[in-house]
Amino acid sequence: MSRFLVLFVAFIAFSAHADVRVLTSIKPLQQIAAAVQDGVGSPDVLLPPGASPHNYALRPSDVRKVAAADLLYWIGPDMEGFLPRVLASRGKPTVAVQSLAGMQLRHFGEDSHSHEQDQDDHDHDHRPGSLDAHLWLSSVNARVIAAKMASDLAAADPANATRYQANLKQFDERMDGLDQRIKQRVTGIAGKPYFVFHEAFDYFEAAYGLKHTGVFSVASEVQPGAQHVAAMRKRLQEVGKTCVFSEPPLRPRLAETLTAGLPVRLAELDALGGTDTVDAKGYERLLEKLGSDLAGCLEQL
Ligand SMILES: [Zn+2]
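(A) How the structure looks around the pairing of strand β3 (residues 71–74). The alternating pattern of β3 places L71 and Y73 and L72 and W74 on opposite faces, both of which are buried. Both strand β1 (residues 22–24) and β3 contribute to a ladder of three bridges, which runs parallel. Of the residues in β3, the one forming a bridge with T24 is Y73. Of the pairings in the sheet, the one linking β3 to strand β4 (residues 94–96) comprises three bridges and is parallel in character. Its bridge partner being in β4, L72 is matched across the sheet by T94.

Here it is, written out as structure tokens:
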């Protein structure tokens, strides 16, 4: 009993040390931070569920959060275009993870995949040759980000340094298992045709041997011209049975027009992890759900 008490008191004492305020721009980075801070502290996030990092507008409360955070992590100027202006006046450590050594970065159009459906009304840069900033959908990159967070946290909070390092080690080990589970989950769907509305999944696809057939890249609010819709429908007709994935929370109105009367299944892929809870295993759930949502639709074709 007394041993329990000692452990309990020790736990409280350690918890009281959780003074490092970690802030991330988007939820996937928050999930990685939550794994590293597990048992010590809880990271905060700027973007609310359903918001897009490409076209977010900061609220006054967000600006206060940015100023107050001890450590801030964001993807970089190719993703959160709304951040550089407020970061300019921030004096504390700020990490654009796209610039970390060891990151495996991709550029759009690298592997000659077709961009013939592209329009210029998408809300961020997906032009061939530009950096694909959806880099968090690779477990290799997540490990790099987690390692940086662990060393930053250890420096800011030496009392918990061993805990951060232990959490990092566990995270790395779980990534091995995760990669195996996802590979297994998607083995049956390799080569099956599917389309996406937002070219956000190339890192995930490259890691697990998948490839989308095409992109209907149109901003969700804009209804494209009749000619463009006809061209996209023609592409779907040629392919036959297929899945078309939009991103929650909004299904583009175009989705229904585009697929009416065709053997197409509409489904969703969530690159940001939407409304999932934040905890040490949240990042794994994000990737695993992408695999099972892809497989879930494509297996039914
Ligand atoms: Zn995007």
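(B) Seen up close, helix α2 (residues 27–36). Here α2 lies mainly inside the structure; ten of its ten residues are buried. K27, P28, L29, Q30, Q31, I32, A33, A34, A35 and V36 are the residues of α2 that are buried. Considering only its buried residues, α2 is in contact with β1, β2 (44–45), β3, α5 (139–156), α6 (161–186) and α10 (282–298).

(C) How the structure looks around the nonpolar core. Membership of the largest hydrophobic core comes to 69 residues, with the highest contact counts inside it found for I32, V36, A146 and M149. Examining the composition of this core, we find that seven residues originate from one element, α10, more than from any other. Shared between two domains, this core takes at least three residues from each, and those domains are domain 1 (2–104 + 132–180) and domain 2 (185–298).

(D) The packing of α2 against α10, seen in detail. Running from N to C, α2 and α10 cross one another at 135°; their axes reach a closest spacing of 7 Å. Regarding the angle of α2 to α10, the classification is oblique. Contacts between α2 and α10 pair P28, Q31, I32, A34 and A35 from the former with G282, Y283 and L286 from the latter.

(E) Quick peek at the environment of N141. The topology assignment puts N141 in helix α5. Residues N141 and Q98, spaced 43 residues apart in sequence, show a C-alpha to C-alpha distance of 9.2 Å. N141 has contacts with M103, Q104, L135 and W136, leaving out every residue within four places of it along the chain.

(F) Main features of the packing of α2 against α5. Following both chains from N to C, one finds α2 and α5 inclined at 55°, their axes separated by 9 Å at the closest point. In terms of axis orientation, α2 runs oblique to α5. Like other packed secondary-structure pairs, α2 and α5 cross with a definite hand, here right-handed. Residue-level inspection shows L29, I32, A33, A35 and V36 of α2 in contact with α5, the latter providing A142, I145, A146, M149, A150 and L153.

(G) Layout of the pairing of strand β9 (residues 242–246). For β9, the buried fraction is high: five of the five residues fall into the buried class. Judged by which residues are buried, β9 turns out to be covered on both faces: T242, V244 and S246 on one side and C243 and F245 on the other are all buried. Note: β9 against strand β10 (residues 264–268), five bridges, orientation parallel. The partner of F245 across the bridge, within β10, is A267. A crossover connection joins β9 to the parallel β10 through helix α9 (residues 253–259); in handedness this β-α-β unit is right-handed.

(H) Representation of unusual backbone geometry. Along the chain, P248 connects to P249 via a cis peptide bond; the corresponding omega equals 10°. Locating P249 in the fold gives a position in the loop between β9 and α9.

(I) Highlighting the sheet that holds β9. A sheet is described by the order of its strands in space; here four strands give the open sequence β8-β7-β9-β10, paired in parallel fashion. Of all strands in the sheet, those bounded by a partner on one side alone are β8 (214–215) and β10. Here two bridges tie strand β7 (residues 194–196) to β8, and the two strands are oriented parallel to one another. Each bridged residue has a counterpart across the sheet, and for F195 the counterpart in β8 is G214. This element, α10, spans β7, β9 and β10 of the sheet and lies at about 165° to β10.

Conventions we followed
Residues numbered from 1 in each chain as written. Predicted model: local features only at pLDDT ≥ 70, side-chain atom pairs only at ≥ 80, totals over all residues. Buried ≥ 20, exposed ≤ 12 C-beta atoms within 10 Å, placed from the backbone. Helix = DSSP H or I, 4+ residues; strand = E, 2+ residues; numbered from the N terminus. Pairing = 2+ DSSP bridges. Contact = placed C-beta atoms within 7 Å. Core = buried A, V, L, I, M, F, W, Y, C linked by C-beta atoms within 7 Å. Domains from an automatic or database assignment. Axes fitted to C-alpha atoms, helices over the stretch in contact; angles between N-to-C directions. Parallel < 35°, antiparallel > 145°, perpendicular 65-115°, else oblique. Left-handed = near helix turned anticlockwise from the far one by under 90°. Right-handed = clockwise from strand over helix to strand, strands pointing away.

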